[in-house]
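# Examination of the molecular architecture
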Amino acid sequence: MRIDIITVLPELLQSPFNHSILKRAREKGLLEVNLINLRDYASDKHKTVDDYQYGGGAGMVMMIEPIAKCIEDLKSQRDYDEVIYMSPDGELLDQKVANKISLLQNIIILCGHYKGVDERVREHFVTKEISIGNYVLSGGELAAAILVDAVGRLIPGVLNDESSALFDSFQDNLIAPPVYTRPEEFRGWKVPDILLSGDTKKIDAWRHEQSLQRTKERRPDLLSE
Ligand code: SAH
């Protein structure tokens with residue numbers, strides 16, 4: 001999967017994809033993340049990418065021209081499945097949305113700043129808008145990093161134990177069961193006996209039961225979806 005991220009702050013995104021699982025995904029050639037500096041597509045010597053809003057009011061708006069040039073340049077090199085704009089009024093990111101995006105080949109992610117992008121960008125270039133939650137961030141970069149992390153780990157072959165993503169929270173509308181590691185006992189607090197029994201059938205049944213119980217307690221809304 002190839003992800004091209006259009007941003008005015010590429011420095012902000014240099015670190016998130018260079019560690020742990022996403023780093024491995026990139027090294028294995030399963031995920032390619034490119035950071036594209038929108039200022040490279042500005043047409044004046046000051047590299048201007050934003051301007052005052054028509055109608056007045058506080059806050060700058062990202063101009064359509066550099067964004068159009070940038071997206072058209074990328075599109076001239078390959079086909080894209082989606083051009084995603086990170087936006088607080090977009091579709092709320094959840095596991096189902098992440099699952100769907102992880103099946104795509106090439107995507108562009110556009111990060112907004114200031115007041116956001118000129119509406120004509122959304123009308124004519126953007127094919128999907130995603131929000132990471134009902135709050136406003138100062139820019140789309142951290143939201144994009146979250147989307148790439150959630151999606152990247154779902155690409156087949158990225159996780160060592162391929163089945164493990166299937167047992168994470170929100171797959172099948174259930175949240176994950178509790179997990180334990182060594183030691184068996186710490187300050188008298190014991191690991192549940194069943195996990196030490198070696199009986200995989202019983203362990204699976206226990207985990208499923210725990211998932212159900214936790215979902216009922218913590219996220220009953222998931223069970224009615
Ligand atoms: N004026 C806009 C907010 C702009 S915030 C409004 O009220 O809707 C600046 C940029 O940060 C946005 O263009 C978007 O790219 C990003 N952003 C802010 N909150 C976000 C969220 N919850 N999810 C995804 N992106 C977000």
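Bear in mind the structure is a predicted one, so any value in this text is a computation, not a measurement.

## As for a nonpolar patch on the surface
Together, Leu 12, Tyr 135, Leu 137 and Leu 142 give the surface a local cluster of nonpolar side chains, amounting to about 380 Å² of exposed area. Among the structural elements, Tyr 135 can be located in the loop between β7 (128-131) and α5 (141-152).

## Description of the pairing of strand β6 (residues 106-110)
When a strand is regular, its side chains alternate between the sheet's two faces. Burial within β6 is extensive, with five of its five residues counted as buried. Alternating residues of β6 divide into Asn 106, Ile 108 and Leu 110 and Ile 107 and Ile 109, and every residue in both groups is buried. One ladder, built from five bridges, connects strand β1 (residues 2-7) with β6; its direction is parallel. Opposite Arg 2, over in β6, you have Asn 106 as the bridge partner. Summarising the sheet, strand β5 (residues 82-92) and β6 pair through four bridges and their orientation is parallel. Note on β6: the bridge partner recorded for Glu 82 is Ile 107. As for the winding sense of the linkage, the β-α-β connection from β5 through helix α3 (residues 95-101) to β6 is right-handed.

## Concerning the site of the ligand
Residues in contact with the ligand amount to 20 residues; listed here are only the nearest, Tyr 85, Met 86, Gly 112, Tyr 135 and Leu 137. Contacts to the ligand include Tyr 85, whose side-chain N or O atom sits 2.7 Å from an oxygen atom. One nitrogen or oxygen atom from the main chain of Lys 115 is found 3.2 Å from a nitrogen atom belonging to the ligand. In isolation the ligand offers 560 Å² of accessible surface; the protein chains occlude 84% of this area.

## Thoughts on the domain arrangement of the chain
Each assigned domain of the chain is listed with its residue range as follows: domain 1 (2-152) and domain 2 (169-224). Just the C-alpha atoms count here: the centres of domain 1 and domain 2 sit 37 Å apart.

## Remarks on the sheet that holds strand β2 (residues 32-37)
Overall, parallel pairing links the five strands, which are arranged β2-β1-β6-β5-β7 in an open sheet. Every interior strand has two partners, whereas the edge strands, β2 and β7, have only one. Averaged over all neighbouring strand pairs, the angle between strand axes comes to 30°, with direction disregarded. Relative to β2, β1 runs parallel, the two being bridged by six bridges.

## Some points on the nonpolar core
In terms of nonpolar packing, the biggest core is built from 31 residues, with Ile 5, Leu 31, Met 86, Ile 101, Ile 109, Leu 147 and Val 148 touching the most fellow members. Of all the secondary structure elements, the ones that give two or more residues to this core are β1, α1 (20-27), β5, α3, β6 and α5. In terms of residue count, α5 provides more of this core than any other element does, six residues in total. Those residues within four positions of Ile 101 in sequence are excluded, and the remaining contacts are Met 1, Ile 84, Ile 107, Lys 128, Ile 130, Leu 147 and Val 151.

## Re the pattern of salt bridges
A complete count under the given rule lists 12 salt bridges for this structure. Residue Glu 32 pairs with Arg 2 through a salt bridge whose shortest N-O separation is 3.3 Å. Remark: Arg 2 occurs in strand β1 and Glu 32 occurs in strand β2; sequence separation between them is 30 residues. You can call Arg 2 buried: its relative accessible area is 18%. A salt bridge links Asp 168 to Arg 153, with the nearest nitrogen and oxygen atoms 2.6 Å apart.

## Considering the environment of Asn 160
Its location among the elements puts Asn 160 in the loop between α5 and β8 (185-186). Look at Asn 160 and you get exposed, because its relative accessible area is 62%. Sequence separation of Asn 160 and Arg 24 is 136 residues, and the distance between their C-alpha atoms is 9.8 Å. Excluding its chain neighbours within four sequence positions, the residues that come into contact with Asn 160 are Arg 24 and Lys 28.

Analysis parameters
Residues numbered from 1 in each chain as written. Predicted model: local features only at pLDDT ≥ 70, side-chain atom pairs only at ≥ 80, totals over all residues. Heavy atoms only, no water. Patch = residues over 30% accessible without salt bridge, like charges linked within 9 Å, V, L, I, M, F, W, Y side chains within 5 Å. Areas by Shrake-Rupley, 256 points an atom, 1.4 Å probe, with all protein chains shown as cover. Salt bridge = Lys/Arg side-chain N within 4 Å of Asp/Glu carboxyl O. Helix = DSSP H or I, 4+ residues; strand = E, 2+ residues; numbered from the N terminus. Buried < 20%, exposed > 50% of the residue type's maximum accessible area, 1.4 Å probe, protein only. Pairing = 2+ DSSP bridges. Right-handed = clockwise from strand over helix to strand, strands pointing away. Near = heavy atom within 4 Å. Polar contact = N/O pair within 3.5 Å; in protein donor to acceptor, adjacent residues only side chain to side chain. Domains from an automatic or database assignment. Axes fitted to C-alpha atoms, helices over the stretch in contact; angles between N-to-C directions. Core = buried A, V, L, I, M, F, W, Y, C linked by side-chain atoms within 4.5 Å. Contact = heavy atoms within 4.5 Å.

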